[in-house]
Amino acid sequence: MKTEEMKKIIKSYKGILTEYQSLPEDIQKYFEYLPELIKGDYEIAIAYLFFKIEQGQNRLLYGGAVKLFAADIEVARNIVNYHHLTRDGFKQIYKNIFNKPLPDSIIKQLKEAEKTRDKVVHGKQVKEDQLRQAITDCLIYAKLVNEEIKNIASFEPFGDMRGFKGRKESLSKDVTHFLLKGLGFSGFTLSEKQQENRAE
């Protein structure tokens, strides 16, 4: 479905709630605190949504590495946690893992919401209709990402990932470390980080 077809004009709190309630149950659970947050300050809701989106993007890359490359779970989790993920960096590592870019239609779904989020974070005034639209765009983005990743890798990063790995045997920790570096990650494993701290 084209992004333009997904755009809706959200005129009230109830409009946001309707969009939220139309989402699959897993996504509603993932953003479980949103219904309460939108009763109050939309800016707080935006901060919460982007926290959960960035968390979901990390889960997506972690899940892709484990599912498609049989990366060791512990090493993959540590390296993803320590890697500083930027917007452009996410798109590049996504392409490295899935061997194709995240579709432009999905990227565009979040673009205006990112601009709104940046204004909020930097203390700029944003109109309520823009905040409502950004909140809705975030929800639609999560739905589109889940549909894309389920189709190509059989898991949903904005949802319950229990059992996503399957029974495939994992690579060794050392091989996983080099694999993830090759995919574009630069995070330390926990043990390396601890050693670095002790050396200082």
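The paragraphs below set out a description of the structure included in this document.

Conventions adopted
- Residues numbered from 1 in each chain as written.
- Predicted model: local features only at pLDDT ≥ 70, side-chain atom pairs only at ≥ 80, totals over all residues.
- Heavy atoms only, no water.
- Buried < 20%, exposed > 50% of the residue type's maximum accessible area, 1.4 Å probe, protein only.
- Helix = DSSP H or I, 4+ residues; strand = E, 2+ residues; numbered from the N terminus.
- Arc of directions from axis to C-beta.
- Core = buried A, V, L, I, M, F, W, Y, C linked by side-chain atoms within 4.5 Å.
- Contact = heavy atoms within 4.5 Å.
- Phe/Tyr/Trp six-rings, centres within 6.5 Å; stacked < 30°, edge-to-face > 60°.
- Lys NZ or Arg CZ within 6 Å of the ring centre and 35° of its normal.
- 1 Å grid on protein atoms, 1.4 Å probe; cavity = no way out; pocket = protein on both sides within 12 Å on 5 of 7 lines; lining within 4 Å.
- Points joined across faces, edges and corners; volume = space filled by probe spheres on them.
- Nonpolar A, V, L, I, M, F, W, Y, C, P; charged D, E, K, R; others polar.

### Comments concerning helix α2 (residues 13–21)
Here α2 has its buried residues at Ile16, Leu17, Glu19 and Tyr20. Take α2 and look down its axis: the buried residues cluster within an arc of 160 degrees, on one side only. More than 90 degrees from the buried face of α2, the exposed residues found are Lys14 and Gln21.

### Some remarks on the nonpolar core
Phe31, Leu34, Ile135, Tyr141 and Phe185 are the most contacted members of the largest nonpolar core, which has 59 residues in total. Mapped by element, the contributors of at least two residues to this core are α2, α3 (25–30), α5 (42–69), α6 (73–82), α7 (87–98), α8 (104–121), α9 (128–153) and α10 (173–183). Contacts of Leu34, omitting those with residues within four sequence positions, involve Tyr20, Ala45, Tyr48, Leu49, Ile135 and Leu139.

### Thoughts on the packing of aromatic side chains
Counted under the stated rule, the structure contains nine aromatic pairs. Between Tyr30 and Phe158, the aromatic rings sit 5.4 Å apart at their centres with planes inclined by 85 degrees, giving edge-to-face as the arrangement. A residue pair is termed long-range when its members are at least 10 positions apart, and Tyr30 in helix α3 and Phe158 in the loop between α9 and α10 qualify at 128 residues. Just as Tyr30 is buried, Phe158 falls in that class too. Aromatic side chains Tyr94 and Phe98 sit 4.6 Å apart centroid to centroid with 40 degrees between the ring planes, which places their arrangement in the tilted category. Pair noted here: Tyr94 and Phe98 are both in helix α7, with a separation of four residues, about one helical turn. The residues Tyr94 and Phe98 share a single accessibility class, namely buried. Here the basic side chain of Lys52 rests over the ring of Tyr30, its NZ or CZ set 4.2 Å away from the ring centre.

### Focus on the layout of surface pockets
Quantified by volume, the largest pocket comes out at close to 420 Å³. Glu54, Gln57, Thr86, Arg87 and Glu114 are, among the 20 residues lining the largest pocket, the residues nearest its centre. Of the residues forming the lining of the largest pocket, the biggest block, seven residues, is contributed by α5. Per-class residue counts for the lining of the largest pocket are nine nonpolar, five polar and six charged. Its volume calculated, the second largest pocket comes out at about 190 Å³. In this structure, the second largest pocket is lined by Gln55, Asn58, Arg59, Tyr62, Arg77, Val80, Asn81, His83, Met161 and Phe164. The set of elements that each furnish at least two residues to the lining of the second largest pocket consists of α5 and α6. Among the elements that take part in the lining of the second largest pocket, α5 stands out by supplying four residues, more than any other. In the lining of the second largest pocket, the residues fall into four nonpolar, four polar and two charged.

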